[in-house]
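# Report on the structure
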Amino acid sequence: MASLIHFLFFLYSFSIIGSYIILGIISVFETIEYMKKNKFVNYNKILSSNISPSISIIAPAYNESLNIIENVRSLLSLHYANYDVIIVNDGSKDDSLEKLIKAYNLVQVDFLINEQILTQPLRKGIYKSTNPAFEKLIVVDKENGGKADALNMGLNISTNKYVACIDVDCLLIEDALLKLIKPFLESIDKKVIAAGGVIRIANSCIIEQGKLLDINLPKKMLEKGQILEYLRAFLLGRMAWSRLNGLLVISGAFGLFDKKIAIGVGGYDTNTVGEDMEIIVRMRRYMEENKLKYKVAYIPDPLCWTEAPDNYKTFISQRNRWTRGTIETLRKHRKIGFNRKYNSMGILSYPYWFLFERMAPIVEVLGVIYFGYLIFNNEVRWDYIIGFVILAYLFTVLFSIIAIISEELTYHQYKKKGTGFKMIMIAFMEPFVIHPFILYAAIVGNKDYYFNKKKKWGAMTRKGMTKA
Amino acid sequence: MKKIVLAEDNSMLSMLLKFRLEKEGYTLFIAENGKETVELIEEHNPELILTDIMMPFISGLEVISHVRNKLNKQTPIIVFSASGQEEIVLKAFKLGATDFMSKPFSPNELVNRVKKILR
Amino acid sequence: MVENNYFVKSFEESSLVIQLVWICIIVLVFSIIFIIIYLKYLRSLLRKNDLLKIKIEKEYEASVINYLYAGNEAEEISAEQQAIIDELKSNISETFKRDILISTLLKLSYEISGEMAESIHKLYIKTGLIDYSLSKLRNKKWNIIANGIRELTLFHVKEVQDQVKIHINHPKTEVRSAMQLYLVNLFHFEGLAFLNDITTPISEWDQIQLLEVLQLHKNQKVADIKSWLKSTNESVVLFALKLAKIYNQYGVKDELMALLNHKNIKIRVDVIPLLSHLSIIEAKIILKNNFKELSLEEQIAFFEMMENVYEKTDKPFIMEHILNPNFEIKFFALKILKNLNIDEFNCFKDLTSEPEFVRIVKYIESN
């Protein structure tokens, strides 16, 4: 019996490590291909073209009064010809709306909304600017309904073909829309339904008036650890999933969608905390069920800079929410798991996400408990344990450092002296310093999902404009 | 000495235009973004403003709006931008721009227009 | 000494699995040490290159500007210019420097046209950069070929068109699109002749780029797009539709009407606003008669068209649709009704208390 348990643990560990290796290799090849294709692309022509498709940026905002003026200004100066910016003020209790009205010369306008998705109603109404320089701006003031609900309102209001759903305090680089619309326009036989890019962590970076001036490595271990984690996930993970056409999530911080399909599947689900993942899975299901050829695209370029939690409380809360979101989405769409009808999503993505993302913390905790039991019964085979733990640790470190090298070879964003050394230190420290908290958050997330329904549905999740 | 403020974030283009216009006897002040442009305009009170439309921080359109409405000045403004984009041109003129040149443009042509306006 | 033996002995005594594990661990440790060293090396190399690049860029920018202003009144190269050419020439054997020089030249040539732009092209030829671009054309790798073509396009080298044209059906889209842009950039509408023969699809991205390039040169004699509208290559048809819109091709009325029956729904839907833009009224009658057979997308596009071309005789048709289940069609129908005959609009505006209808009516009344 014991051997069976051991065998299962080892099998699980080797599978997860093996899958990381495979995804890493595929990602590297994909990234090289992408760099080759895009090294000399001249975005200028598309940028100024009137024939380029129109995009609506939808940015839900809740109590963002402090920075909203600057955030909106930054969104209004992107390099793209045909786009508008829809700020959805989701029942904020502060003076966000008043500030916007003053700064951008807004007046209330009559607007006919095609309510394709049911949302909370308008509150003060819809505003546009009297100043032609701000013609792109539309501000919507509505009753509170949460991020998903606000995004749905944006979907109803937009009259453009594509929508970019973002976090309002996310800093988009100037070419972000150009770079992200490219996969949609380049694809010939497959329909691109959604596209996402790399989210970078803005902590300790100098941002002034909506422009990224200086990129710095933050001081806190927690923040540095997250940067490393993002590098691993984006550079060595998502590129591979995109290639396998199995990408299940586009970050809620910035993603571009085909509006018709997003509305066609019913918009965002207001009953989940993981709405960014859930809508992608639902859109993919729709395409699979209708036997339409499609793709969820991903580009490795950094497009968006956002603040990551800088204290453990917020961090745990965020990871708790991510865990619950993943569980909710996987549960809601369990029909596709291991289901040949859903092609790579059913055969590769769902099993992977279920086994290695959703179940991993549980397996890990069970492993620790079992280990405790073994110690208690003095049955520990120390030679095995030590060997395997060291192996797992070294593998993690190696993988992290490879992620750091990939970043150097591709976008090389952290140029300052000494950063390399600091990143290496983080690679060694992360399994001790960050990972336990992620594990803890995941377990609490599981507990909350199953036993704390109030948290799932209650006021907390509805109000805040939680970070993606 | 007539003063010109040039807002252009392409360093080569601004170097080229500076060379050329200074040869014609004008004094040039160069800004790389909308914010600097406004600062230079307020500080030096130029006789002419040359600005690109797509710039970091504040767009060229906002610069025009600022000069005409906030500063209440009638300084001639020549706008340049990537070609096409009739809408932007119309907006620029609506906000009070004096002239417009689409990129790529001939520097000689620009100089001619500058000379005409500042005669 | 004792310790060493202990470890070696216990290693030899362990099971195969443990031995493997420890071998893996040793391998990993060495790998980590190795890549840490590599990372340090890489970062300092990148840093060094960055600084060097900035330095060289400044030098080249200054050289190029000096070159442009060092010319004398006559057409030939002045001594000063020659000196600059020679100096640049001596630098370009290194790829690193060559790439910087090219991007420096491009940085300016994107923005300006006219005499100065031609000077830059001449500089490109005189410094010998052109030879490097040409050799790229003969390379086997697709990304190198595409880059070569791009460079030749950016510096307007017309003479090599035959060498470029052979790649017209290259398997990689990047090469094909580079070639298409070359032809259109340098030969404008005549360059579009490739549309007659191309069997591979042209993506939207490429189509937009081609159209933007075409529009750069005003006062062009527009090519005859009739044959393209009848092409079996659907992306060619879509491209021709865009041309018809931008260049107001009233002459292709019959071909456009024929496209209303094309098997590709995107073409059918895209043709409708174009017909509206060109005010081709005959289309209205055809679409009106076929309305029930049209897909929803086509129906909506048709109503959008109706907003521009409605006549009094259309009233009965419009009336049929003020209760259409689709929001957009309802909206257009009511709007047109109001414009046609405000009294009848007022008559029917309370027809139903269905919320959508009420909202639409309210909006139309006040706008």
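A word on the overall build of chain A. Counting its regular elements, chain A contains 17 helices and twelve strands. Radius of gyration (C-alpha) of chain A: 23 Å, near the 23 Å computed for a compact globule of 468 residues. Reported as C-alpha extents along the three principal axes, the dimensions of chain A are approximately 75 × 50 × 45 Å. Burial status across chain A gives 59% buried among its 468 residues. Considering only contacts in chain A between residues 6 or more positions apart, those separated by 24 or more positions represent 81%. Approximately 19200 Å² of chain A is accessible, and the part contributed by carbon and sulfur atoms is 61%. Averaged over its 59 positive side-chain charges, chain A has a centre that lies 4 Å from the centre of its 44 negative ones.

This part takes up the environment of Ile 18 of chain C. Inspection of the secondary structure assignment puts Ile 18 of chain C in helix H2 (residues 16–69). Taking the C-alpha atoms as reference, Ile 18 of chain C lies 73 Å from Ala 244 of chain C; in sequence the two are 226 residues apart. Once residues lying within four places of it in the same chain are set aside, the contact partners of Ile 18 of chain C are Asp 383 and Tyr 384 of chain A.

With that settled, consider empty space enclosed by the protein. Evaluation of the coordinates by the stated rule reveals five cavities of 30 Å³ or more. Taken as a whole, the largest cavity holds about 260 Å³ of empty space. Put simply, the parts of the chain that give the lining of the largest cavity at least two residues each are helix H3 (68–76) of chain A together with helix H3 (60–70) and helix H4 (86–95) of chain B. Looking at the lining of the largest cavity residue by residue, the classes come out as 14 nonpolar, four polar and four charged. Here the second largest cavity defines a volume of roughly 70 Å³. In terms of lining, the second largest cavity is formed by 13 residues, of which the most central are Cys 165, Ser 251, Gly 252, Tyr 268 and Asp 276 of chain A. Secondary-structure elements contributing two or more residues to the lining of the second largest cavity are helix H5 (147–157), strand E6 (162–166), strand E11 (254–258) and helix H9 (275–289) of chain A. Across the lining of the second largest cavity, the residue classes tally to seven nonpolar, three polar and three charged.

What follows concerns the confidence of the model for chain A. When pLDDT is averaged along chain A, the result is 88, and 94% of the positions lie at 70 or above. Note that residues 456–468 of chain A has pLDDT below 50 and, in this model, 42 contacts with residues that lie over four places away or in other chains.

Residues and elements named next belong to chain A. Mapping Asn 203 onto the fold places it in the loop between strand E8 (191–201) and strand E9 (206–208). Asn 203 gets classed as buried once you look at its relative accessible area, which sits at 2%. A C-alpha to C-alpha distance of 5.4 Å links Asn 203 and Glu 307, two positions 104 residues apart in sequence. Apart from the residues lying within four places of it in its own chain, the contact partners of Asn 203 are Asn 216, Pro 218, Glu 223, Thr 306, Glu 307, Ala 308, Pro 309 and Asp 310. Side chain to side chain, Asn 203 and Glu 223 meet in a polar contact 2.7 Å long.

What follows deals with the domain arrangement of chain C. When cut into domains, chain C gives domain 1 (52–127) and domain 2 (310–367). Once you take the C-alpha centre of each, domain 1 of chain C and domain 2 of chain C turn out to be 65 Å apart.

So, how was this worked out
- Residues numbered from 1 in each chain as written.
- Chains lettered and ligands numbered in written order.
- Predicted model: local features only at pLDDT ≥ 70, side-chain atom pairs only at ≥ 80, totals over all residues.
- Heavy atoms only, no water.
- Helix = DSSP H or I, 4+ residues; strand = E, 2+ residues; numbered from the N terminus.
- Rg over C-alpha atoms; globule rule 2.2 N^0.38 Å.
- Buried < 20%, exposed > 50% of the residue type's maximum accessible area, 1.4 Å probe, protein only.
- Contact = heavy atoms within 4.5 Å.
- Areas by Shrake-Rupley, 256 points an atom, 1.4 Å probe, with all protein chains shown as cover.
- Lys, Arg positive; Asp, Glu negative; His and termini not counted.
- Charge placed at Lys NZ, Arg CZ, Asp CG, Glu CD.
- 1 Å grid on protein atoms, 1.4 Å probe; cavity = no way out; pocket = protein on both sides within 12 Å on 5 of 7 lines; lining within 4 Å.
- Points joined across faces, edges and corners; volume = space filled by probe spheres on them.
- Nonpolar A, V, L, I, M, F, W, Y, C, P; charged D, E, K, R; others polar.
- pLDDT = per-residue confidence, 0-100.
- Polar contact = N/O pair within 3.5 Å; in protein donor to acceptor, adjacent residues only side chain to side chain.
- Domains from an automatic or database assignment.

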